[in-house]
Amino acid sequence: MRTVILLAVALIGVPAILLGYVKLSEPLSGRNAKRASAVRPWLWLLPTFILVAVFLIYPVIMTIVMSLRSADSSSFVGLANYVAVFTSGSNLVALRNNLLWLVFFTLGTLLFGLLIAVLSDRVRYESVVKSLIFIPMAISFVAAGIIWKFMFEFQPAGETQVGTVNAILTSLVPGFQPKAWLFNTSTNNAALIAVGIWMWTGFAMVILSAAIKSIPVDVIEAAKIDGASELQVFFRITFPLVGPTLGFVATTLMINVLKVFDIVYVMTNGNLGTDVIANRMYKEMFNYNDTGVASAIAVFLLVCIVPVMIVNIKRFRQGGANG
Amino acid sequence: MAKVELKKLGKVYEGNVRAVDDANIVIDDKEFVVFVGPSGCGKSTTLRMIAGLEDITEGELFIDGKMVNDVPPKDRDIAMVFQNYALYPHMTVYENMAFGLKIRKLPKAEIESRVKEAARILDIEKLLDRRPKQLSGGQRQRVAVGRAIVRNPKVFLFDEPLSNLDAKLRVQMRAELIELHDRLKATMIYVTHDQVEAMTMGDKIVVMRDGKVQQIGSPLYLYNQPINKFVAGFIGSPPMNFLTVKVGEEGGRIFVEEAAFKLYPAAEHSSLLKSYIGKEVSFGIRPEDLPYADHQGSGVIKAKVTVVEPLGAEIHVWGTTGTQPLVAKVPPHHMFKIGDDVSFAPVMEKARFFDRDTELSILPVKWDERA
């Protein structure tokens, strides 16, 4: 019964309120037709502005304010929290790891996405391949983390390897010693990044594949007749033509990787040198109740992401203007 | 420069779809050959097989005496101009033209002089720094042609290169391509569905239909000696009239008749029609061989006018014999109105006769003019 009422409110109430608002705001625009048409858009946008202000701008400002105050927000501490972010050992490890993620995750995802997009373009079972590669996008990060935890499972040498990765390697590579992928500090970051790549390759592939398909067939044929080999066609024609799309995918991946959290939280919880900034923020906030440092990390993340975001929006606008 | 030979060339797509069947064509060195036919006739597929863009499933292809069935396009030394120009969108006009030469690692100075020379010939010197997006359709087409000629290939292939241009530009480019062929003295193969392009440009025309070569010959040969109803109807505009007539004989004289007329074929045609006495044949007469007759006597076709198309230099008069439509090309000083009863006196020496069942010419004609 409650669901029905809620549904009715949503289906009838919300449009009714919107309509009512438009009706009520109409007299405010005044009689002068010219003035009214100048004022009207602002009146219509007002509710959105209010929502954005309450749920976005105000929290951002409060976060900045809190980042300048002590752990319990009781006193002003200046930039001390920021100093902590950039000096404490565990935070520096997180910063280093985020850099690793930024470079290797982005490059790896782009490389695999492009490779699969190019290769699958030439086979008949393309749609099957692409569906399989895309499936991880549909899994929750938590589920993916758990799946890969099983995949990376380690048993000492001599025992039956139940982890897929170790099982395959020990049975295929003679003399291979099973590894504790997630505990060994030389492999654990790479193992986590691999999971990220596995999840995001589908995204890169789908968008790059669309870009590749938008290259006219006769342009490729013209290059072949002009004497280009398959590799030359790829590097001199295909690659430059998907360049803008590659840039878009790269920036989107970067925005996401800066915020990486779930995979690390589920698989290692940032232990053994695998922590990342977002996970640090979570820990400072909910484990140590330090709103000051947590907010400082949040502000730092925001500052990192904004420029990438601007590049992406610019590119998007250019694309829109060209198309 | 080179000779291109197609021996029993065929293309069968998956699912047993046959696009080209048993094509035997010889294209001589320095010849301008046009493949013409309606869409889906296999002309483009044939061209793409010569280019190496399409696998050859049957027969053999020789370029310059060498079998090239399995040679990839890049090693065939051919250049191709595509219908949609196929310029590289991320390169300037100069880079577009230089691409094939850079790939072949020619010295920079050589590349520059070749591109400049081609640009001069095509009058696109001022566009060298532009990108394809900044060019008009006609300019793009010139660049596409330029990209082909800088390569100085053995064979030039053109795949309906003028069909995206407006009518005026098309006529201009047509003339320029003829001039270009004359200047380069290169082997050129040109695909079009436009019979006017075929007639005006080709040294030799290959008419195709449903994947099969119908007839090969010079434009005038095909115009005057079509091998079947299809070639007769495809070449020439407005198309040849086909009237179903019955062959008869009276007093040793062969005649063909229909309700609205009775005509006496020329002597050399009469003997060939003897075996058709009592049967129906298709009587073909071109609109230009149907002069207006101001008498109602014998040897004329009586018709009622249905449409009049004054073109300035001439008038196309469409009419009906009562059961069959026909069109005549008459000088502009005649005045016709829809509904007029008119007579045309066909030039019987120019008439063609076709078998009703096989559609083949009853008059002897060569499949390949030079064979």
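Note that this is a predicted model, so its numbers are computed, not measured. Numbering of residues starts from 1 in every chain and runs along the sequence as written. Naming scheme: in the order in which they are written, chains are lettered from A and ligands are numbered from 1. Restriction of local features to residues with pLDDT of at least 70 applies here, the model being predicted, together with a cutoff of 80 or more for giving and counting side-chain atom pairs; totals for whole chains, interfaces and linings are based on all residues.

### Some words on the overall build of chain B
Counting secondary structure elements, chain B contains nine helices and 20 strands. By principal-axis analysis of the C-alpha atoms, chain B measures approximately 80 × 45 × 35 Å. Partly exposed residues are those whose C-beta has more than 12 but fewer than 20 other C-beta atoms within 10 Å; with 20 or more the residue is buried, with 12 or fewer it is exposed, and the C-beta atoms are placed from the backbone. Out of the 371 residues belonging to chain B, those deemed buried represent 41%. Distance between backbone-placed C-beta atoms decides contact: two residues are in contact if it is within 7 Å. Of the contacts made within chain B by residues no fewer than 6 positions apart, 67% connect residues no fewer than 24 positions apart. Working definition: helices are DSSP H or I runs of at least four residues, strands are E runs of at least two. Numbering for both runs from the N terminus.

### As for unusual backbone geometry
Among all residues save glycine, negative phi is the norm, and among peptide bonds the norm is trans. All names here are of chain B. Residues S237 and P238 are joined by a peptide bond in cis, for which omega reads -5°. Relative to the assigned elements, P238 resides in the loop between α8 (229-234) and β11 (241-250). The phi angle at D64 is positive, at roughly 60°, despite the residue not being glycine. The residue D64 is located in the loop between β4 (58-63) and β5 (66-67) in this model.

### Brief notes about the packing of helix α4 (residues 89-120) of chain A against helix α8 (residues 188-213) of chain A
Residue and element names in this part refer to chain A. Only the stretch in contact is used when fitting a helix axis, every axis being a line fitted to C-alpha atoms; angles between N-to-C directions are given from 0 to 180 degrees. It is the contact of α4 with α8, at a shortest axis distance of 6 Å, that shows an interaxial angle of 40°. For the element pair α4 / α8, the angle class is oblique. In the packing of α4 onto α8, the handedness of the crossing is right-handed. Each angle receives one of four descriptions, namely roughly parallel if under 35 degrees, roughly antiparallel if over 145, roughly perpendicular if within 65 to 115, and oblique otherwise. Crossing handedness is defined as follows: a turn of the near helix away from the far one that is anticlockwise and smaller than a right angle gives a left-handed crossing, while the clockwise case is right-handed.

### Comments concerning the domain arrangement of chain A
For chain A, the assigned domains read domain 1 (2-48) and domain 2 (88-322). How far each domain reaches was decided by an automatic or database domain assignment. Each of domain 1 of chain A and domain 2 of chain A has a C-alpha centre, and these two points are 43 Å apart.

### Here's the deal with helix α1 (residues 2-25) of chain A
Between the first and last residue of a helix there are one fewer steps than residues, each counted as 1.5 Å, and that sum is the expected span. Along its 24 residues, α1(A) runs 32 Å from first to last C-alpha, staying within 8% of the 34 Å computed at 1.5 Å per residue. With zero of its 24 residues buried, α1(A) lies for the most part at the surface.

### Some thoughts on helix α1 (residues 43-51) of chain B
Residues and elements named next belong to chain B. Counting buried residues in α1 gives nine out of nine residues, a clear majority hidden from the surface. Buried within α1 are the following residues: K43, S44, T45, T46, L47, R48, M49, I50 and A51. G52 occupies a position one or two residues after α1 and carries a positive phi of about 95°.

### A word on the sheet that holds strand β20 (residues 352-355) of chain B
Residue and element names in this part refer to chain B. Strand pairing is assigned whenever DSSP detects at least two bridges linking the two strands. Taken together, the five strands give an open sheet; going across it, the order is β13-β12-β11-β14-β20, and neighbouring strands pair in antiparallel fashion. On the outer flanks of this sheet lie β13 (261-263) and β20, each paired with one strand and no other. Within this sheet the neighbouring strands show an average axis-to-axis angle of 40°, counted without direction. In this sheet, β20 lies alongside strand β14 (residues 280-285) in antiparallel orientation, the contact comprising four bridges. Looking at β20, one finds that G284 is bridged to R352.

### Some words on the sheet that holds strand β19 (residues 341-344) of chain B
All names here are of chain B. Spatial strand order, β15-β19-β16-β17-β18: five strands in an open sheet with antiparallel pairing. Each end of this open sheet is capped by a strand with a single partner; those strands are β15 (292-293) and β18 (325-330). Note that β15 and β19 share two bridges and pair antiparallel. Bridging across to β19, Y292 finds its partner in F344.

### Re the pairing of β4(B)
Residue and element names in this part refer to chain B. Sheet topology places strand β1 (residues 4-13) next to β4; five bridges connect them, and they run antiparallel. Bridging across to β4, V4 finds its partner in I63. Examined bridge by bridge, β4 and β5 share two bridges and lie antiparallel to one another. If you follow I63 over to β5, its bridge partner there is K66. What sits between β4 and β5 in their antiparallel hairpin is a turn of two residues, with D64 showing a positive phi close to 60°.

### Side note on the interface of chain A and chain B
Each partner contributes to the interface: chain A provides 15 residues, whereas chain B provides 17 residues. Among the elements of the structure, α9 (217-225) and α10 (230-258) of chain A are those that each provide at least two residues to the side of chain A that touches chain B. At six residues, α9(A) tops the list of elements feeding residues into the side of chain A that touches chain B. Along the lines of polarity and charge, the residues of the side of chain A that touches chain B split into eight nonpolar, three polar and four charged. Side-chain classes follow a simple rule in which Ala, Val, Leu, Ile, Met, Phe, Trp, Tyr, Cys and Pro form the nonpolar group, Asp, Glu, Lys and Arg form the charged group, and the remainder, Gly included, forms the polar group.

### A short note on the nonpolar core
When buried Ala, Val, Leu, Ile, Met, Phe, Trp, Tyr and Cys residues are joined through C-beta atoms within 7 Å, the set is termed a nonpolar core. If you look at the biggest cluster of nonpolar residues, it comprises 154 residues, and the most contacted ones within it are B:M80, B:L157, B:I189 and B:V206. By residue number, the principal contributor to this core is α8(A), which donates 13 residues. Apart from residues lying up to four places away in sequence, B:V206 is in contact with B:I25, B:V33, B:V34, B:F35, B:V213 and B:I216.

### A closer look at the environment of B:Y190
Residues and elements named next belong to chain B. With respect to the element layout, Y190 can be found in strand β8 (residues 187-192). Separated by 103 residues in sequence, Y190 and A293 place their C-alpha atoms 41 Å apart. Dropping the residues within four chain positions of it, Y190 is found in contact with F32, V33, V34, F158 and M201.

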